[in-house]
Amino acid sequence: MLGAAPRYDAIVVGAGIQGSFAAYHLAKRGRRALLLEQFPLPHSRGSSHGQSRIIRSTYPQPHYARAMPECYRLWAQLEAEAGVQLHRQTGLLVLGAEGSPAFGACLQSLAQHGVPRELLSAQELPRRFPGVRAYGGETAVFEPTAGVLRADKALRAVQDLFLQAGGALRDGEKVVAINPGPVVTVRTSAGVHRAGSLVITAGPWTNKLLAPLGLQLPLQPLRVSVCYWKEKVPGTYGSAAGFPCFLSLRTSQTPHDVYGLPASEYLGMVKVCYHHGCPVDPDERDREPEGSALPDIQILRGFVSRYLPGLEPEPAVVETCMYTITPDEDFVLDRHPQFSNIVIGAGFSGHGFKLAPVVGKVLCELSLGQAPGCDMEPFRIQRFPGQRRAAL
Ligand SMILES: Cc1cc2nc3c(=O)[nH]c(=O)nc-3n(C[C@H](O)[C@H](O)[C@H](O)COP(=O)(O)OP(=O)(O)OC[C@H]3O[C@@H](n4cnc5c(N)ncnc54)[C@H](O)[C@@H]3O)c2cc1C
């Protein structure tokens, strides 16, 4: 079979939200695309499962804030194509210490990009949002256009539209070997596929696929607890009661951000999570970490009792998800340094879902040998000076 013409223009490895959007954009451009997923779909063993993700324009980093108008436009396009409502506007409340650099950067970015916003003092906050207390005297900014994406439905919609556009999706088929070259050969648990280019969007498994390709990136998979907290009075923390999404910027007591979404997945329970977790091997995710209590849940108990007094300070449901973080929490969207027809999308650092329509477009353009229309500097592999290149 050596020298056979490739059946596909591109193969995408990993059918999470990023790979699914990359495949969708390829198929929409008339390319023959194959999307490979190791687990039977749908599954809850990566980073893209669950019913909700926050979408917001409040971003301290300008490169994400700049991408948000196009993200909102592409999400609306997907909703229209699929005929499914994927976005629910709830607003987002950002809590931060007055004068802190992170809060200042959020305010500056909102102003610079003309995003509607409302500033609230610690005294005004409980009048406007009775369920929230600015325990540490924080000020807040409210972004009314932010909201919730229905994550599981979005993932399903983008995969369905990919198939409708002529794409091929094979789940339960794990990629076990990649042979680079002008035609990339991919061996899976079920067969062999060939394509002119390859996109690797394998989430927490990315480094496992890159190692035989002579590359290791500073990607740290984290096991993250997804906690749901019961309302003391039913209905007080739902979006019908006007409770928004929120993001509480890191403080000395909570060294990473805490975020939450109005009750929707479970009746009367609010999702409140810590934006950090425990290092994990993605193949061992479900093994209980050592020690009796997870540090993130301990931190959340304290946060909920101080800032959200209308919730029971003990999580009623705890689920698991994974982040893949980079040292600067910026994504990796780049070509392999040695094999320019192998494109990598990784390190979405717990904030990549909302940006997936644009991420997928960028990965599609890179795999077609085109220059994306946005500034790619923040996403380049070269920014990691110590990136390891193993001998091939
Ligand atoms: C609890 C939680 C809350 C979050 N909240 C938000 C939020 O509010 N807003 C936001 O914007 N973002 C949020 N995120 C981040 C967002 O969900 C992720 O950035 C995004 O889902 C990453 O998608 P991915 O496609 O890179 O990874 P994944 O979803 O993990 O997809 C990678 C896929 O590759 C497959 N794969 C791996 N290896 C192979 C192989 N060898 N062969 C075949 N397939 C393979 C995996 O099985 C997996 O399906 C959150 C994440 C978590 C965990």
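Quick caveat, the model's predicted, so the values are computed rather than measured.

Cut-offs and rules
Residues numbered from 1 in each chain as written. Predicted model: local features only at pLDDT ≥ 70, side-chain atom pairs only at ≥ 80, totals over all residues. Heavy atoms only, no water. Helix = DSSP H or I, 4+ residues; strand = E, 2+ residues; numbered from the N terminus. Rg over C-alpha atoms; globule rule 2.2 N^0.38 Å. Buried < 20%, exposed > 50% of the residue type's maximum accessible area, 1.4 Å probe, protein only. Contact = heavy atoms within 4.5 Å. Near = heavy atom within 4 Å. Polar contact = N/O pair within 3.5 Å; in protein donor to acceptor, adjacent residues only side chain to side chain. Areas by Shrake-Rupley, 256 points an atom, 1.4 Å probe, with all protein chains shown as cover. Domains from an automatic or database assignment. Pairing = 2+ DSSP bridges. Axes fitted to C-alpha atoms, helices over the stretch in contact; angles between N-to-C directions. Buried area = accessible area lost by both parts, 1.4 Å probe. Salt bridge = Lys/Arg side-chain N within 4 Å of Asp/Glu carboxyl O. Nonpolar A, V, L, I, M, F, W, Y, C, P; charged D, E, K, R; others polar. Expected span 1.5 Å × (residues − 1). Phe/Tyr/Trp six-rings, centres within 6.5 Å; stacked < 30°, edge-to-face > 60°. Lys NZ or Arg CZ within 6 Å of the ring centre and 35° of its normal.

A. Focus on the overall build of the protein chain. Scanning the protein chain for helices and strands turns up 8 helices and 20 strands. Taken against the 2.2 N^0.38 rule, which gives 21 Å for 392 residues, the C-alpha radius of gyration of the protein chain at 21 Å falls within 12% of a compact globule. With the C-alpha coordinates of the protein chain rotated into their principal frame, the extents come out at 70 × 45 × 40 Å. Residue burial in the protein chain is summarised as follows: out of 392 residues, 54% are buried. Taking as baseline every contact in the protein chain between residues at least 6 positions apart, the subset at least 24 positions apart corresponds to 73%.

B. Structural detail: the site of the ligand. Residues in close proximity to the ligand total 36 residues, the closest being Glu37, Ser48, Ile54, Cys321 and Lys354. Here Ile17 contributes a backbone N or O atom positioned 3.3 Å from an oxygen atom of the ligand. One of the backbone nitrogen or oxygen atoms of Gly352 is found 3.2 Å away from an oxygen atom of the ligand. Protein coverage of the free-state accessible area of the ligand, which is 1000 Å², stands at 97%. Listed by contribution, the elements that provide at least two residues to the shell around the ligand are α1 (17-28), β3 (52-55) and β18 (311-325). When residues of the shell around the ligand are assigned to domains, at least three fall in each of domain 1 (8-48 + 152-217 + 328-383) and domain 2 (92-144 + 220-325).

C. Representation of the sheet that holds strand β4 (residues 87-89) in the model. A sheet is described by the order of its strands in space; here 3 strands give the open sequence β3-β8-β4, paired in antiparallel fashion. Edge strands, defined here as strands with exactly one partner in the open sheet, are β3 and β4. For this sheet the average axis-to-axis angle between neighbouring strands, irrespective of direction, equals 30°. Against the sheet, helix α2 (residues 62-82) contacts β3, β4 and β8 (147-150), and its axis sits at roughly 140° relative to β3. Of the strands in this sheet, β3 and β8 touch helix α5 (residues 151-164), which is tilted by about 50° from β8.

D. Structural view of the side chain of Glu265. Topologically, Glu265 is positioned in the loop between β15 (258-261) and β16 (269-274). Engagement of the side chain of Glu265 in a polar contact is seen with the side chain of Ser52, the distance being 2.4 Å. Side chain to side chain, Glu265 and Ser264 meet in a polar contact 3.2 Å long. With near-sequence residues (within four places) excluded, Glu265 lies in contact with Gln51, Ser52, Tyr228 and Lys271.

E. Seen up close, the domain arrangement of the protein chain. With domains assigned, the protein chain is organised as domain 1 (8-48 + 152-217 + 328-383) and domain 2 (92-144 + 220-325). Between domain 1 and domain 2, the C-alpha centre-to-centre distance is 30 Å. On the side of domain 2, 11 residues touch domain 1, which itself brings 13 residues to the contact. In total, about 1100 Å² of surface goes out of reach between domain 1 and domain 2, with carbon and sulfur atoms giving 46% of it. Summed over the shared surface of domain 1 and domain 2, the number is 2 salt bridges. A salt bridge links Lys208 to Asp281, with the shortest nitrogen-to-oxygen separation between them at 3.0 Å. In this assembly, domain 1 and domain 2 are joined by 8 residue pairs in polar contact (both at pLDDT 80 or more). Residue classes in the side of domain 1 that touches domain 2 are distributed as 3 nonpolar, 7 polar and 3 charged.

F. Region of interest: α1. Over its 12 residues, α1 extends 16 Å from the first C-alpha to the last, a length consistent with the 16 Å expected when each residue adds 1.5 Å. Burial analysis of α1 places 11 of its 12 residues in the buried class, the great majority of the element. Those residues of α1 that sit buried are Ile17, Gln18, Gly19, Ser20, Phe21, Ala22, Ala23, Tyr24, His25, Leu26 and Ala27. Looking at the buried residues of α1, the elements they touch are β1 (8-13), β2 (33-36), α2, α5, β12 (192-200) and α8 (356-367). Note on α1: the residue one or two positions beyond its end, Gly30, has a positive phi of about 80°.

G. The packing of aromatic side chains, seen in detail. Across all of its chains, the model carries 16 aromatic pairs by this definition. Plain terms: the ring middles of Phe246 and Phe303 are 6.1 Å apart, the flat faces sit at 10° to each other, and that makes the pair stacked. Of the two residues, Phe246 is situated in strand β14 (residues 245-248) and Phe303 in helix α7 (residues 295-307); the sequence distance between them amounts to 57 residues. Since its relative accessible area comes to 3%, Phe246 is described here as buried. Grouped by ring-pair contacts, the aromatic residues Tyr135, Tyr237, Phe243, Phe246, Phe303 and Tyr307 constitute a single cluster. Above the plane of the ring of Phe142 lies Arg128, whose end atom (NZ or CZ) is 5.1 Å from the centre. Lying across the ring of Tyr135, Arg306 places its NZ or CZ 5.6 Å from the centre.

H. Geometry of unusual backbone geometry. The step from Leu41 to Pro42 runs through a cis peptide bond, and the omega angle for that step is -5°. For Glu329, which is not glycine, the phi dihedral falls at a positive 60°. Position of Glu329 relative to the elements: it lies in the loop between β18 and β19 (332-335). Judged by relative accessible area, which is 23%, Glu329 ranks as partly exposed.

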